[in-house]
Amino acid sequence: MRRLSRWLMSGVLVLVVVMTAPVSPARAGTPGEYPEFPYPATAYDETGRGQFHFSSRAGWMNDPNGSFWYRGQYHLFYQHNPHGLAWDTMHWGHATSPDLVHWTQKPIALEPGVHPGDLWSGNGVVDRANVTGLKSGDDDPILVFSGTNGAIIHYSLDGAKTFQTYAGGRKVAVPNGTSRDPKVFWHAPSRRWVMVMWSDGGGNGADFYTSTDLLTWTWRSRYAAGWFFECPDMFQLPVDGDPARLTWVLTDASGEYVFGDFDGTTFRPRTGVQRMDWGVNDAGGTFYAGQTFTGDPAGRTVQMAWQPASRGSIWSGNLTFPAELQIKGTTLTRTPVSEIASLRSGTVSAAARTLTPSQPYAIAGADAYEVTATFDTAGATATRFGLRLNGRAVPYDRAAQSLDGAPLAPDSGKITVRALVDRGQLEVFGNGTTSKSDVVTSFDSAAGVQAWAEGGSVRLESLRFDRLASAWGRGEPTLDSNLPGTWTASGGTWTDVADGKQGSATGDGFYLNGTTGGDGTYEADVRLTGARAAGLTFREHYTAGVDTAGLVKLWRPGRDIATAPAPITRDRTYHLKVVAAGARLRVYLDHDTTPIIDATDTTYATGRTGGNVFAGTAVIDNVQVDAPGFGTNLTGPWTPAGGTWTTQPDRVSGRGDGDSFLYSTQTGTDFTYEADVRPVNGVAGGITFRDHYTANVDVNGLVKLWRPGRDVATYATPVVPGRWYHLTVTAAGNRFRVALDGRQVIDATDDAYATGRFGLNTFAGSAQFRHPAINARGVLGGLPPG
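Predicted model only: the values in this text are computed from it and were never measured.

What counts and what doesn't
Residues numbered from 1 in each chain as written. Predicted model: local features only at pLDDT ≥ 70, side-chain atom pairs only at ≥ 80, totals over all residues. Heavy atoms only, no water. Helix = DSSP H or I, 4+ residues; strand = E, 2+ residues; numbered from the N terminus. Rg over C-alpha atoms; globule rule 2.2 N^0.38 Å. Areas by Shrake-Rupley, 256 points an atom, 1.4 Å probe, with all protein chains shown as cover. Lys, Arg positive; Asp, Glu negative; His and termini not counted. Charge placed at Lys NZ, Arg CZ, Asp CG, Glu CD. Contact = heavy atoms within 4.5 Å. Pairing = 2+ DSSP bridges. Buried < 20%, exposed > 50% of the residue type's maximum accessible area, 1.4 Å probe, protein only. Salt bridge = Lys/Arg side-chain N within 4 Å of Asp/Glu carboxyl O. Core = buried A, V, L, I, M, F, W, Y, C linked by side-chain atoms within 4.5 Å. Polar contact = N/O pair within 3.5 Å; in protein donor to acceptor, adjacent residues only side chain to side chain. Phe/Tyr/Trp six-rings, centres within 6.5 Å; stacked < 30°, edge-to-face > 60°. Lys NZ or Arg CZ within 6 Å of the ring centre and 35° of its normal.

Undergrad: Explain the overall build of the protein chain to me, please; I cannot follow it from the model alone.
TA: Of regular secondary structure, the protein chain possesses two helices and 59 strands. For the protein chain, the C-alpha radius of gyration of 30 Å lies close to 28 Å, the compact-globule estimate for 786 residues. Structurally, the protein chain occupies a C-alpha span of about 100 × 65 × 50 Å along its principal axes. On the protein chain, roughly 27,300 Å² of surface is accessible, and the fraction owed to carbon and sulfur atoms is 50%. Positive and negative side-chain charges in the protein chain, numbering 68 and 75 respectively, have mean positions lying 1 Å apart.

Undergrad: What exactly am I supposed to notice about the environment of A748 here?
TA: With respect to the helices and strands, A748 occurs in strand 58 (residues 743-749). Taking C-alpha positions, A748 is 46 Å from D547, a pair spaced 201 residues apart along the chain. Apart from the residues within four sequence positions on either side, A748 is in contact with L705, V712, A713, N734, R735 and F736.

Undergrad: Hey, could you run me through the sheet that holds strand 27 (residues 384-389) in this one?
TA: Whenever strands of a sheet pair, they do so through backbone hydrogen bonds, lying parallel or antiparallel. Strand order in this open sheet of six strands is 25-34-27-28-29-30, and the pairing throughout is antiparallel. A strand with exactly one partner marks an edge of an open sheet, and here the two such strands are strand 25 (361-363) and strand 30 (406-407). Alignment of strand 25 against strand 34 (residues 449-454), held across three bridges, turns out to be antiparallel. By the bridge assignment, A362 is partnered in strand 34 with Q450.

Undergrad: Explain the pairing of strand 47 (residues 607-625) here, please?
TA: Across a regular strand the side chains alternate sides, sitting on one face of the sheet and then on the other. Among the 19 residues of strand 47, 15 are classified as buried, and the element is accordingly described as predominantly covered. Two elements, strand 38 (residues 500-517) and strand 47, share 13 bridges in a ladder whose sense is antiparallel. Along strand 47, the bridge assignment pairs K501 with I620. Across six bridges, strand 39 (residues 520-528) lies against strand 47 in antiparallel orientation. Across the sheet, the residue bridging to D525 is D621, located in strand 47. Both strand 40 (residues 533-538) and strand 47 contribute to a ladder of five bridges, which runs antiparallel. In the sheet register, T537 faces strand 47, and the bridge partner there is G610.

Undergrad: Looking at this structure, how should I read the pattern of salt bridges?
TA: Note on pairing: side chains with opposite charge can pair once their charged atoms come close. In total, this model carries 46 salt bridges according to the counting rule given. Note that E339 and R300 form a salt bridge whose closest N and O atoms lie 2.8 Å from each other. Of this pair, E339 sits in the loop between strand 22 (331-336) and strand 23 (344-350) while R300 sits in the loop between strand 18 (288-292) and strand 19 (302-311); the two residues are 39 residues apart in sequence, bridging distant segments of the chain. Measuring nitrogen to oxygen at the nearest pair gives 3.3 Å for the salt bridge that ties D404 to K436. Taken together, the residues span a long stretch of sequence, with D404 in the loop between strand 29 (402-403) and strand 30 and K436 in strand 33 (residues 434-439) at a distance of 32 residues. Like D404, the residue K436 is buried in the burial classification. It is possible to trace a salt-bridge network through shared partners that takes in R71, K135, D138, D139 and D140.

Undergrad: What is the right way to look at the nonpolar core in this model?
TA: In this structure, F54, W103, F208, M234 and F267 are the most contacted members of the largest nonpolar core, which totals 57 residues. Where this core is concerned, the elements lending two or more residues are strand 1 (59-70), strand 2 (73-81), strand 10 (192-199), strand 11 (205-211), strand 14 (242-251), strand 15 (256-262), strand 18 and strand 19. The residues contacting W103, other than those within four sequence positions of it, are F54, Y74, L76, A95, T96, S97, F293, M304, A471 and W472. L483, Y511, L528 and Y574 belong to the second largest nonpolar core, which has 38 residues in total.

Undergrad: I keep staring at the environment of N633 and nothing clicks. Help me out?
TA: Relative to the helices and strands, N633 resides in the loop between strand 47 and strand 48 (639-641). We classify N633 as partly exposed; its relative accessible area is 40%. Distance in space between the C-alpha atoms of N633 and A524 is 20 Å, their sequence separation being 109 residues. Here the side chain of N633 touches I774 through a polar contact of 3.0 Å, landing on its backbone oxygen.

Undergrad: How should I be thinking about the pairing of strand 45 (residues 584-589) in this particular structure?
TA: Bridge analysis of strand 44 (residues 573-581) against strand 45 gives six bridges, and the strand direction is antiparallel. Bridging from a neighbouring strand, K577 pairs with Y588 of strand 45. In sequence, strand 44 turns back onto strand 45 through a hairpin of two residues, with G582 there showing a positive phi of about 65 degrees. Bridge count between strand 45 and strand 46 (residues 597-600): four bridges; the pairing is antiparallel.

Undergrad: Would you mind showing me how to read the packing of aromatic side chains here?
TA: A ring pair, where both rings are aromatic, is described by two values, the distance of the centres and the angle of the planes. A full pass over the atoms with the stated rule returns 45 aromatic pairs. With centroids separated by 5.6 Å and ring planes inclined at 10 degrees, the aromatic side chains of F661 and Y663 adopt a geometry described as stacked. Exposure class is identical for F661 and Y663. Each is buried. When the ring of F689 is compared with that of Y693, the centres are 5.5 Å apart and the planes differ by 20 degrees; the resulting orientation is stacked. With respect to burial, F689 and Y693 carry one shared label: buried. One aromatic cluster in this structure is built from Y44, F54, W69, Y74, Y78, W103, F293 and W472. Across from the ring centre of W452, 4.4 Å away, lies the NZ or CZ of R388, which sits over that ring. Seen from the ring of Y588, K577 lies directly overhead, with NZ or CZ sitting 4.8 Å from the centre.

Undergrad: Looking at this structure, how should I read the environment of D158?
TA: Within the secondary structure layout, D158 lies in the loop between strand 7 (152-156) and strand 8 (164-165). Each C-alpha atom, one on D158 and one on P557, is 40 Å from the other, the two residues being 399 residues apart in sequence. Setting aside anything within four residues of it in sequence, one finds D158 in contact with D139 and R678. Looking at D158, its side chain comes within polar contact range of the side chain of T162, at 2.6 Å.

Undergrad: Whenever I open this one, unusual backbone geometry confuses me. Can you help?
TA: Note on backbone geometry: most residues besides glycine have negative phi, and most peptide bonds are trans. Residue P35 follows Y34 across a cis peptide bond; omega there is -5 degrees. At the junction of G636 and P637, the peptide bond is cis and its omega measures out at 0 degrees in the coordinates. Looking at the element boundaries, P637 is found in the loop between strand 47 and strand 48. Positive phi values are uncommon outside glycine, yet R423 reaches one of about 55 degrees. Tracing the backbone through its elements, the reader meets R423 in the loop between strand 31 (414-422) and strand 32 (425-430). For D691, which is not glycine, the phi dihedral falls at a positive 70 degrees.

In structure tokens, the structure reads:
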């Protein structure tokens, strides 16, 4: 990621993005809104938008960052301004894919106003051995490194859904001079993590640091090189596939690289500088800031690079198609990953033939396709030959031995040209050794594909053409669910919003998962924004819904099975749970332990699961089947007082800009009350009792007991954002004892309130809660009497 002065080297790019930028300015977010999903609805079919090249759903993107494989998904992060088409106020965008081909936009990962630092380029790793000691729950810690003039660590403890900042944003490695773009990788021989970072202290170069815990870094050496400028990447590859001949590769933003030796502390080059791609390799061109994924399950080294010159109506910039990097002889090669085969259809193959200026070979083209042609130069008299792709010539010059301007010698007399055409994106590969990435604004799909010769003849040995389908639209960006099937709409219009899937319909609209179910426990969050009713659909035909007429209703086509009165309002999230056992159907509202509806119906035994909206707009989220559930022995329904409260498989989450509470209906005077609390982002999360007292964990390094108007007591202790803590309060008259993770830390008195409800609280951000319970000694713990 470069400073704005670097962009001035590409005046045309700067002029264009400023002219096309939306009126709304870039902005920072707040912990109470994080993570945001500030994207318009799109089918990814805007003019020029690549159909199998990743681009951000909307807004500006540049360098790919922090990419890795984790538990079945590739995670791609990138430099991003989601609020405009120009570089401004950098965020980290986020997308996931099961196969490097089908990408799904996710909410913002790093956001100014939530995460400190300038959030410029870096990379990410998964701490599978928990060397950081940050693990808290099932997920491995995920660390991403960012920042300029020193590296800052941000980490996730929930599988990259949210990120916190380590040590308040303290810089853990600070080279001399200007520095940026930390890259971290594992060095197995020394059993240490290595960080390489570009800096200009004494001229361009790379500073190397090492660490055993990913948190504490020691400077080791510096590689000084005038050619080496920003966005470093470093990896080890076998030469010609021979695992006994490993060599290290150090690259920079322009795609230049050297081979060398690395002993875990010092890099020593063994070759001169070479170039891996022959596109325009600057910040206004067609190939820049390439970054490789870590942890590929097939052991490959896979790279994506930024294509700055690609722009559209609601998006700016895209990435090259993922390419596997290998060393062949003395050359670093790029080859499209094999997963591209999942997009192929409509194959056309051509038999061998001789091409002359008057006898080309032509087939119909398309917007998105792959074509591979092999030419035999033995006996060729043509001065140039090659392919025309939707009107764009890709020539091979025999005298210059160059393919579209990139050096390429024949291999055993053959020239093989492979091209990926994706509307405005073009990637050309020659003989498996040469790569050129381009952006073409004048493609004409009606011009088709043509193999041609100029100034003589050449033998076309073979040609294969494959249409490539769109890779967009398979995943769910914001709808959380444990159902594996594909979601489809049945009536209404369904779009992605920050809190889930938003449906709008004049009558009934359904959004259903392809997985079928029968008996089981079904759950979902439902929020009415303008609809008359919305609900949880199960067995495909039954719906348990909330209705602004003041009802919870269980219905199927042709019958209202049962209704129950309930105070239903718009713009509040309700949690619905259905326990289906044969003909018996029980409906629970907002974690109440008693069903609000208990009825029978024998019409349907199985079917799909999803959400429903009726006569307006509503949002559904957290659709779960047979999840652990929010376990509590407190009576419900639970009702919010401020903020937004939602339910995940085994917890509730609250967020808001000030104090937000979620209250049980149960009251207490003397008791032991406890829960697991996880401050996610922002300031604090805690447990509330007697309606007004709250014991919380505060990321400023406190356990605090407070009520309106008074901080009753505090205890100083480190509090790590994102980590789970267990809070216990024992109340006896005016005496309150608070324990953190089983150890008493506060013993105080206050006479203001003698009784009241139990609840949960979050302050100026978001927090999560599990297992709130009273008088559960021997089950969840608690304090001994005293």
